[in-house]
Number of protein chains: 6
Amino acid sequence: MSLFSRLLEIVDRVSEPSVVHAHCDLPCGVYNPLQARIEAESIQKIIQKYHDSNDQVFRDRALFIKDERAELVKHHLWVLWTDYFKPPHLEHFPNLHDLFWRATKKAGESKHTVEPQVAQELLDLIDEIDGVYQKTQS
Amino acid sequence: MSLFSRLLEIVDRVSEPSVVHAHCDLPCGVYNPLQARIEAESIQKIIQKYHDSNDQVFRDRALFIKDERAELVKHHLWVLWTDYFKPPHLEHFPNLHDLFWRATKKAGESKHTVEPQVAQELLDLIDEIDGVYQKTQS
Amino acid sequence: MSLFSRLLEIVDRVSEPSVVHAHCDLPCGVYNPLQARIEAESIQKIIQKYHDSNDQVFRDRALFIKDERAELVKHHLWVLWTDYFKPPHLEHFPNLHDLFWRATKKAGESKHTVEPQVAQELLDLIDEIDGVYQKTQS
Amino acid sequence: MSLFSRLLEIVDRVSEPSVVHAHCDLPCGVYNPLQARIEAESIQKIIQKYHDSNDQVFRDRALFIKDERAELVKHHLWVLWTDYFKPPHLEHFPNLHDLFWRATKKAGESKHTVEPQVAQELLDLIDEIDGVYQKTQS
Amino acid sequence: MSLFSRLLEIVDRVSEPSVVHAHCDLPCGVYNPLQARIEAESIQKIIQKYHDSNDQVFRDRALFIKDERAELVKHHLWVLWTDYFKPPHLEHFPNLHDLFWRATKKAGESKHTVEPQVAQELLDLIDEIDGVYQKTQS
Amino acid sequence: MSLFSRLLEIVDRVSEPSVVHAHCDLPCGVYNPLQARIEAESIQKIIQKYHDSNDQVFRDRALFIKDERAELVKHHLWVLWTDYFKPPHLEHFPNLHDLFWRATKKAGESKHTVEPQVAQELLDLIDEIDGVYQKTQS
């Protein structure tokens, strides 16, 4: 059985709607913090490969590709913040706004730097957001 | 512990690189069929909501938002096909090209229609791709 | 003297840097709530023209163009929130997060509807944001 | 007197939200040379910061962000030229085409260079366009 | 031998640089009016299929896809006008500005309408531009 | 008579539909391998100019503009593969999938390198695709 199937199985056991979430403004109701996480993992890998390389063409390309990925992280997080979360969620997670503010600011910071630590901090903040998100799904 | 953390745990046990995959052309090495799947789930929900609604504004919007989502499905699948899969994979999965062709064609078909069946067929094809993908990760 | 020159004059009197603001992630330091406002004015006009028209082609087009404009409003507001405002601002404007949350949610709502009232509420929220912004410039 | 002229009049009396104009192809009737100007100010700041910095990562990023901003300047100016201005305007401003041609060419030139002078020339051309625009509004 | 190869052969005989033209702002020196023409042919076909269909979903989709294609026509024409043509060209083709203005305005008009005549007029104007372009290549 | 008119004449003699092809997902029926070829010619020129220049700003810009052009090549080829070609074509051209896979992979490779040879190989692969395409038009 594939990993994906196993994931779906677990998800099914925990709660019905949790792999089906909203991310367009219809709204369709399909949201997933993994979209931001995948881009942040990309940033982490890019920074690592940047330091591993001596090729100037590669390093130059790494910088503008990292900027694009960080922009996508910001976009996916903004959509989650504005569209998925509703006022009742805020009552249970009063630091929600601050969490998203710090995460999107960290994504911005990840554009300016090639420090591996920043990419890790960004991933940690996205995990924290995902923790909140999962609680709203149960 | 959140679902996401649990997922990462399982993934960690199975194989190291499996939550870290390539999707930009650096390449960074970060790929994930879930990107296509999330958009396809969106299409499925949009079609369902289209039929549940009598509001003409909503139905008109559903059509162009569905087109955008289907375009994203195509894009994410194309990237996987061209960038993630390598000649040695093809030897083990000789129908790889055909599978991606049918899946991207199905995504195109999902633009033209509001038939729920088409969205389901698209999800099934993405799951089939994910099955192949997971095997290449072990 | 042109309207634009007059605007610049007023701006000059109020504070030096107020026509020079940051909106890219260099960051370049150039921000301006007018970017969101222009798109919101567009939404207001589109809704008005939608109701004034009996042409089905025109009305269909109005809907998807309005969605694009609302997406731009959300984007410009998100950039202001994450990139321009800093922790010290938050101390002086403790409802900053809530204000941006309501404004971006209202922009999302303006996609779903052809109610003129929603466009007006969106403009009012952007004006409220601009009020805060102007105070941070003095 | 057109609705738009009346709107500007009211705007003048109030003095706060001084700009309301056409920029989508509905057309919605909202145009504003400030959209191009904001991006051109960004270019000017980027060039300045480029020279002030010794950080190679920063300088590399400055170059591709400047290209994006210059592309936006071109786009906003093209839209004004094609969509806002009408044949009767051309009679009163016979150099209109040439002015837009030089301004958009200057925006292209601002991609190739880090000369502060080019950014200033671009801003001057946009101000000249704004001067024409304001006269068509009275 | 393919049609494309034959075309290249003819082009080679006529003048060396004529299949190699600039269209990015490096500038790379690669321009081609065919880019605009292909999108305009698309508009023509979309309008034809719009009238041939009774399917409301199809007709709704035709409208927003036509808008996208027309936007691309405008973009490709604007790039040619600003980037390819130089002051010396203007001396030989004094109506160059007016021709591009009418062509881009026609592309805008093709968004508002499902009149086949408008698509034909747009194609004719692009052919006229291509005629000028070809003369500058010899 | 312009080169373009002559091209159309030849095309008309060979087969009716060959300048009218599908490239949007309406589908409108308008496709043309020239769209990919124009971008690939751009890549070739960019690499050549990269080597001819000693200006670091120019060379940095060349790299990210080349990436954008290569992304467009990939997109245009993917659209042709998924949307234009149909199962019956595959019977006549059994290596169709492999050809597109190699061509899109080569476009990806052209992002990583400034080797002129890679740009030439990309052009050759697009010509090979065009050869197949032309045969399907007769």
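For the structure, check the block above.
Treat the numbers as computed from the prediction; the structure is a model and nothing was measured. (Residues numbered from 1 in each chain as written. Chains lettered and ligands numbered in written order. Predicted model: local features only at pLDDT ≥ 70, side-chain atom pairs only at ≥ 80, totals over all residues. Heavy atoms only, no water.)

Asker: Explain the interface of chain C and chain B to me, using residue names and the numbers behind them.
Answerer: A common way to state how big an interface is: give the accessible area lost once the parts meet. Contact with chain C, which involves eight residues of that partner, is made by five residues of chain B. Both sides of the chain C and chain B interface together cover about 580 Å² of buried area, and 61% of this is carbon and sulfur. When the buried surface of chain C facing chain B is broken down by residue, Leu63(C), Asp67(C) and His112(C) rank first, second and third, together holding 60% of it. Linking chain C with chain B are one salt bridge. Close ionic contact of Arg61(B) with Asp67(C) constitutes a salt bridge, the shortest N to O distance being 2.9 Å. Applying the counting rule to chain C against chain B returns two residue pairs in polar contact (both at pLDDT 80 or more). (Contact = heavy atoms within 4.5 Å. Buried area = accessible area lost by both parts, 1.4 Å probe. Salt bridge = Lys/Arg side-chain N within 4 Å of Asp/Glu carboxyl O. Polar contact = N/O pair within 3.5 Å; in protein donor to acceptor, adjacent residues only side chain to side chain.)

Asker: Tell me about unusual backbone geometry, and name the residues and values.
Answerer: The phi torsion of most residues other than glycine is negative, and most of the peptide bonds are trans. Between Leu26(A) and the following residue, Pro27(A), the backbone shows a cis peptide bond with an omega angle of 0°. Locating Pro27(A) in the fold gives a position in the loop between helix H1 (3-14) and helix H2 (34-52). (Helix = DSSP H or I, 4+ residues; strand = E, 2+ residues; numbered from the N terminus.)

Asker: Could you give an account of the pattern of salt bridges, with specific residues and numbers?
Answerer: All names here are of chain B. Under the definition given, this model contains 66 salt bridges over all chains. Of the charged contacts, one joins Arg 37 and Asp 127 as a salt bridge, the two residues approaching to 2.5 Å between their closest N and O atoms. Pair noted here: Arg 37 is in helix H2 (residues 34-52) and Asp 127 is in helix H6 (residues 116-137), with a separation of 90 residues, a long-range link.

Asker: Please give an account of the side chain of Lys66(E) that cites residues and values.
Answerer: Residues and elements named next belong to chain E. Its place among the elements puts Lys 66 in helix H3 (residues 56-84). The side chain of Lys 66 is buried and forms no salt bridge, while Asp 67, the nearest opposite charge, is found at 5.0 Å. Here the side chain of Lys 66 touches Ser 110 through a polar contact of 2.8 Å, landing on its backbone oxygen. Non-local contacts of Lys 66, meaning those with residues more than four positions away in its chain, are made with Ile 43, Ile 46, Ile 47, Ser 110, Lys 111, His 112, Thr 113 and Val 114. (Buried < 20%, exposed > 50% of the residue type's maximum accessible area, 1.4 Å probe, protein only. Lys, Arg positive; Asp, Glu negative; His and termini not counted.)

Asker: So what about the relation of the copies chain C and chain B? Which residues, and what values?
Answerer: Relative to chain B, chain C is turned by 120° and slid 0.0 Å along the rotation axis, the superposed coordinates differing by an RMSD of 0.0 Å. With respect to symmetry, the two chain copies, as superposed, fit the operation of a three-fold axis. (Least-squares fit on C-alpha atoms with pLDDT ≥ 70 in both.)

Asker: Go over the packing of aromatic side chains with me, naming the residues and quoting the values.
Answerer: Taken as a whole, this structure holds 42 aromatic pairs over all chains when the rule is applied. A centroid spacing of 5.9 Å and a plane angle of 75° characterise the contact between Phe64(A) and Phe64(F), whose relative ring orientation is edge-to-face. With Phe64(A) in helix H3 (residues 56-84) and Phe64(F) in helix H3 (residues 56-84), this pair bridges two chains. Phe64(F) matches Phe64(A) in its accessibility class, with the two residues each being buried. Feature note: the residues Tyr31(A), Tyr84(A), Phe85(A), Phe100(A) and Tyr133(A) constitute an aromatic cluster, connected by ring pairs. In this structure, Lys105(E) packs its charged tip against the face of Trp101(E), placed 4.8 Å from the ring centre. (Phe/Tyr/Trp six-rings, centres within 6.5 Å; stacked < 30°, edge-to-face > 60°. Lys NZ or Arg CZ within 6 Å of the ring centre and 35° of its normal.)

Asker: Please give an account of the packing of H3(A) against helix H6 (residues 116-137) of chain A that cites residues and values.
Answerer: Residues and elements named next belong to chain A. The interhelical angle for the contact between H3 and H6, taken along N-to-C directions, is 25°, at an axis separation of 13 Å. By the angle class used here, H3 and H6 are roughly parallel. Here H3 runs over H6; the crossing is left-handed. Contacts from Val 73, Leu 77, Leu 80 and Tyr 84 in H3 reach Leu 122, Ile 126, Ile 129, Tyr 133, Thr 136 and Gln 137 in H6. Of the residues contributing to the contact of H3 with H6, the split by class is eight nonpolar, two polar and no charged. (Axes fitted to C-alpha atoms, helices over the stretch in contact; angles between N-to-C directions. Parallel < 35°, antiparallel > 145°, perpendicular 65-115°, else oblique. Left-handed = near helix turned anticlockwise from the far one by under 90°. Nonpolar A, V, L, I, M, F, W, Y, C, P; charged D, E, K, R; others polar.)

Asker: Lay out the packing of helix H2 (residues 34-52) of chain D against helix H3 (residues 56-84) of chain D in plain terms, naming residues and giving numbers.
Answerer: Any two packed helices are characterised by the angle at which their axes cross and by the distance between the axes. Residues and elements named next belong to chain D. Where H2 contacts H3, the two axes come as close as 8 Å, and the packing angle between them is 160°. Here H2 lies roughly antiparallel to H3, going by the angle between them. Relative to H3, the crossing made by H2 is left-handed. In this structure, H2 contributes Gln 35, Ala 36, Glu 39, Ala 40, Ser 42, Ile 43, Ile 46, Ile 47, Lys 49 and Tyr 50 to the contact, and H3 contributes Phe 58, Arg 59, Ala 62, Leu 63, Ile 65, Lys 66, Arg 69, Ala 70, Leu 72, Val 73, His 76 and Leu 77. Of the residues belonging to the contact of H2 with H3, the class tally is 14 nonpolar, three polar and five charged.

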